[in-house]
Amino acid sequence: MRITLLQTDIAWEDKQENLRRLRLNLEKLQGETHLAILPETFDTGFSMNTARLAEPTGGPTIGLLQQYASKYDIALAGSTIVCHEGGFRNRFFFLTPGGEATYYDKRHLFRMGNENLHFSAGTERPIIHYREFRILPQVCYDLRFPVWSRNVGCEYDILIYAACWPASRRLVWDTLLRARALENQCYVCGVNRVGTDGNGVHYDGGSVVYSPKGERLASVADDHEGMATVRIDLESLHTFRQHFPVWKDADSFLITKNEG
């Protein structure tokens, strides 16, 4: 499967402009990739202006993304702000060209940015099936919590992080993405934005794909908008897991809801 990292600047709270930019990128990618991954809140930036920006999951933004996925024959993944049961969620979407849709609500809300005051955390951890691969979606701050992404019994093959990760904490991003690949024996795709948002926070990118052995397979240059496409192989992943079955010695655990 061919995967493309879309490292973009994000026009602050301007959905129409961000969707226009996405369409231009997808026109370039048509026929070149199977999956395009976007940053967290790709259409608005990491804004807490939930009441104005949120849409229902079946709203115009997701509807247009589904049209793009079908028209350009590319699955799309990223996150957007949605309404949910009287509140708001930072919702990861995975939309296929065939019309299938899977959603994941960010579990770990970034309290230092007051995300926990404006959003509700998700509780479900779906595994997405696409082109013979099994994919676990995650969003930004989830990266700091390895138990939530633990690959129990090799239940997934690809781990995706869509993020708005500030440049000031770039070392954490680089270190933990590679660690997640090594400890879970899986491919890891991390896609971050660039530019400066409406709150003055700067982002320098660092979008990357790591192999199950921690090798960097593809990346986008820092502080630049850009794309990087890589082909990943399922057979080599299975072979590695069979020859070096670390996963068989993993500790068992039970995830409980954190009330804090």
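To be clear, the structure that these remarks concern was listed above.
Thresholds applied
- Residues numbered from 1 in each chain as written.
- Predicted model: local features only at pLDDT ≥ 70, side-chain atom pairs only at ≥ 80, totals over all residues.
- Heavy atoms only, no water.
- Pairing = 2+ DSSP bridges.
- Helix = DSSP H or I, 4+ residues; strand = E, 2+ residues; numbered from the N terminus.
- Axes fitted to C-alpha atoms, helices over the stretch in contact; angles between N-to-C directions.
- Contact = heavy atoms within 4.5 Å.
- Buried < 20%, exposed > 50% of the residue type's maximum accessible area, 1.4 Å probe, protein only.
- Polar contact = N/O pair within 3.5 Å; in protein donor to acceptor, adjacent residues only side chain to side chain.
- Core = buried A, V, L, I, M, F, W, Y, C linked by side-chain atoms within 4.5 Å.
- Phe/Tyr/Trp six-rings, centres within 6.5 Å; stacked < 30°, edge-to-face > 60°.

Caption draft 1: Spotlight on the sheet that holds strand E6 (residues 128-130). Across the sheet, six strands lie side by side as E6-E7-E8-E9-E12-E13; this open sheet has mixed pairing. Of all the strands in the sheet, the pair left with one neighbour each is E6 and strand E13 (216-219). Pairs of neighbouring strands in the sheet enclose a mean axial angle of 20 degrees, with direction left out of account. Relative to strand E9 (residues 187-191), strand E8 (residues 158-162) runs parallel, the two being bridged by five bridges. When the bridges of E9 are listed, Ala162 appears paired with Val191. Seen against the sheet, helix H5 (residues 170-184) touches E8, E9, strand E12 (208-210) and E13 and runs at an angle of roughly 160 degrees to E9.

Caption draft 2: Up close: the environment of Met1. Relative to the helices and strands, Met1 is located in the segment before strand E1 (2-7). A C-alpha to C-alpha distance of 29 Å links Met1 and Thr44, two positions 43 residues apart in sequence.

Caption draft 3: Examining the environment of Ser219 more closely. Relative to the helices and strands, Ser219 is located in strand E13. Between the C-alpha atom of Ser219 and that of Leu109, which follows or precedes it by 110 residues, the distance is 26 Å. Excluding residues within four positions of it along the chain, Ser219 makes contact with Ser207, Val208 and Ala228.

Caption draft 4: Region of interest: the side chain of Lys15. Position of Lys15 relative to the elements: it lies in helix H1 (residues 15-29). For Lys15, a relative accessible area of 16% translates into the label buried. Here the side chain of Lys15 touches Glu55 through a polar contact of 2.8 Å, side chain to side chain. Here Lys15 is in contact with Asp43, Thr44, Leu53, Glu55 and Thr61, once residues within four sequence places are set aside.

Caption draft 5: Looking closely at the environment of Ala179. By secondary structure assignment, the location of Ala179 is in helix H5. Residue Ala179 is classed as partly exposed on the basis of its relative accessible area of 22%. When the C-alpha atoms of Ala179 and Pro212 are compared, they prove to be 9.7 Å apart, with 33 residues separating the residues in sequence.

Caption draft 6: Region of interest: the nonpolar core. Counting 46 residues, the largest nonpolar core has Phe94 and Ile158 as its most contacted members. Examining the composition of this core, we find that five residues originate from one element, E8, more than from any other. If near-sequence neighbours (up to four positions away) are discounted, Phe94 is found in contact with Leu35, Ala75, Leu76, Ala77, Glu100, Ala101, Thr102, Ile128, Tyr130 and Ile135. Leu19, Leu29, Phe42 and Phe93 belong to the second largest nonpolar core, which has 17 residues in total.

Caption draft 7: View of the packing of aromatic side chains. Going through the model one piece at a time under the given rule, you end up with seven aromatic pairs. Measuring from ring centre to ring centre gives 5.1 Å for Phe110 and Tyr141, while their planes differ by 75 degrees; the resulting arrangement is edge-to-face. Here Tyr141 lies in the loop between strand E7 (133-139) and E8 and Phe110 lies in the loop between strand E5 (101-105) and helix H4 (115-118), a separation of 31 residues in the sequence. The pair formed by Phe110 and Tyr141 is uniform in burial state, with each residue classed as buried.

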